[in-house]
Amino acid sequence: TATANDVELIPQISKPDTLLYQLAIGLKGIVEAGGRGNRLYAETLTHTLMVHLLQQYTTHSATPNAYSDGLSRKKLRLVVDYIQSNLDRDLGLKELAALLQLSPHYFAHLFKRSTGVAPHQYVILQRSIRAKQLLKYIEVPISEIYYQVGFSSQAHLNRHFKKITGVTPGKYRKG
């Protein structure tokens, strides 16, 4: 196995790289927003960026593993329960991977294989489901719900909630 000392960057001259550009734009957007609730997404993008750089821009030839299996039911249940119990927190990929003593990259692949979605997408979905429950059964202002379910702002809640349900939280509450 290669160590950090074995990796050498290969100089690139004006080589267009759409994936690198998109990952950088995504990270730039997160940094500029500076909001809470994006840690998991930021860590996912960062790990994807690191793997891409290792594969495309170094002397070390990294071959990605093929992940045919997902997490065991027991391990998936542990992670899902942890996510459900901590939706209000700014969860991180390293934190979730550490629960199962896996690397963040390997965990992300196994989690997606098990659920069909990336960890950050799963968390967004679960936050939206929790928001639906709060909107339906508890008379809490929408301006407070976003915080209780772990979104960085009311606009963040509105954007994802509408993407998932087709309506804004206010329209959903009115029924």
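Up top is the structure these notes are about.
Described below are features of the structure shown in this document. (Residues numbered from 1 in each chain as written. Predicted model: local features only at pLDDT ≥ 70, side-chain atom pairs only at ≥ 80, totals over all residues. Heavy atoms only, no water.)

1. Describing unusual backbone geometry
Step number 1: Residue Gln 101 is not a glycine yet carries a positive backbone phi of 55°.
Step number 2: With respect to the helices and strands, the residue Gln 101 is situated in the loop between helix H4 (93–99) and helix H5 (104–115). (Helix = DSSP H or I, 4+ residues; strand = E, 2+ residues; numbered from the N terminus.)

2. Notes on the packing of aromatic side chains
Step number 1: One pass over the structure, following the stated rule, counts 3 aromatic pairs.
Step number 2: Taken together, a centroid distance of 5.6 Å and an interplanar angle of 40° make the contact between Phe 107 and Phe 111 tilted. Of this pair, Phe 107 and Phe 111 both sit in helix H5, 4 residues apart, roughly one helical turn.
Step number 3: Judged by relative accessible area, Phe 107 falls into the buried class, the value being 0%. (Phe/Tyr/Trp six-rings, centres within 6.5 Å; stacked < 30°, edge-to-face > 60°. Buried < 20%, exposed > 50% of the residue type's maximum accessible area, 1.4 Å probe, protein only.)

3. A look at the pattern of salt bridges
Step number 1: Applying the stated rule across the entire model yields 5 salt bridges.
Step number 2: Between Arg 39 and Glu 43 there is a salt bridge; the shortest N-O distance is 3.2 Å. Here Arg 39 pairs with Glu 43, and both are found in helix H2 (residues 39–56), just 4 residues apart, close to one helical turn.
Step number 3: Classification of Glu 43 as buried rests on a relative accessible area of 15%. (Salt bridge = Lys/Arg side-chain N within 4 Å of Asp/Glu carboxyl O.)

4. A look at the packing of H2 against helix H6 (residues 119–137)
Step number 1: Interhelical geometry of H2 versus H6 gives an angle of 165° and a closest axis separation of 9 Å. With respect to H6, the element H2 is oriented roughly antiparallel. In the packing of H2 onto H6, the handedness of the crossing is left-handed. Judged by residue contacts, Leu 40, Tyr 41 and Thr 44 of H2 engage Pro 119, His 120 and Val 123 from H6.
Step number 2: When its residues are assigned to classes, the contact of H2 with H6 shows 4 nonpolar, 2 polar and no charged. (Axes fitted to C-alpha atoms, helices over the stretch in contact; angles between N-to-C directions. Parallel < 35°, antiparallel > 145°, perpendicular 65-115°, else oblique. Left-handed = near helix turned anticlockwise from the far one by under 90°. Contact = heavy atoms within 4.5 Å. Nonpolar A, V, L, I, M, F, W, Y, C, P; charged D, E, K, R; others polar.)

5. Some details on helix H8 (residues 154–165)
Each turn of an α-helix holds 3.6 residues, which means side chains three or four residues apart point in the same direction.
Step number 1: With 12 residues, H8 extends 16 Å between its outermost C-alpha atoms, agreeing within 8% with the 16 Å of an ideal straight helix rising 1.5 Å per residue.
Step number 2: Every buried residue of H8 is listed here: His 156, Leu 157, His 160 and Phe 161. Angular distribution of buried residues about the axis of H8 spans 115°; they occupy a single face of the element. The outward face of H8, more than 90 degrees from its buried face, is lined by the exposed residues Ala 155 and Lys 163. (Expected span 1.5 Å × (residues − 1). Arc of directions from axis to C-beta.)

6. Focus on the environment of Ala 131
Step number 1: On the secondary structure map, Ala 131 appears in helix H6.
Step number 2: In the structure, Ala 131 is positioned 30 residues away from Phe 161 in sequence and 8.2 Å away in space, judged by C-alpha atoms.
Step number 3: What Ala 131 contacts, discounting residues up to four positions off in sequence, is Ile 145, Val 149, Leu 157 and Phe 161.

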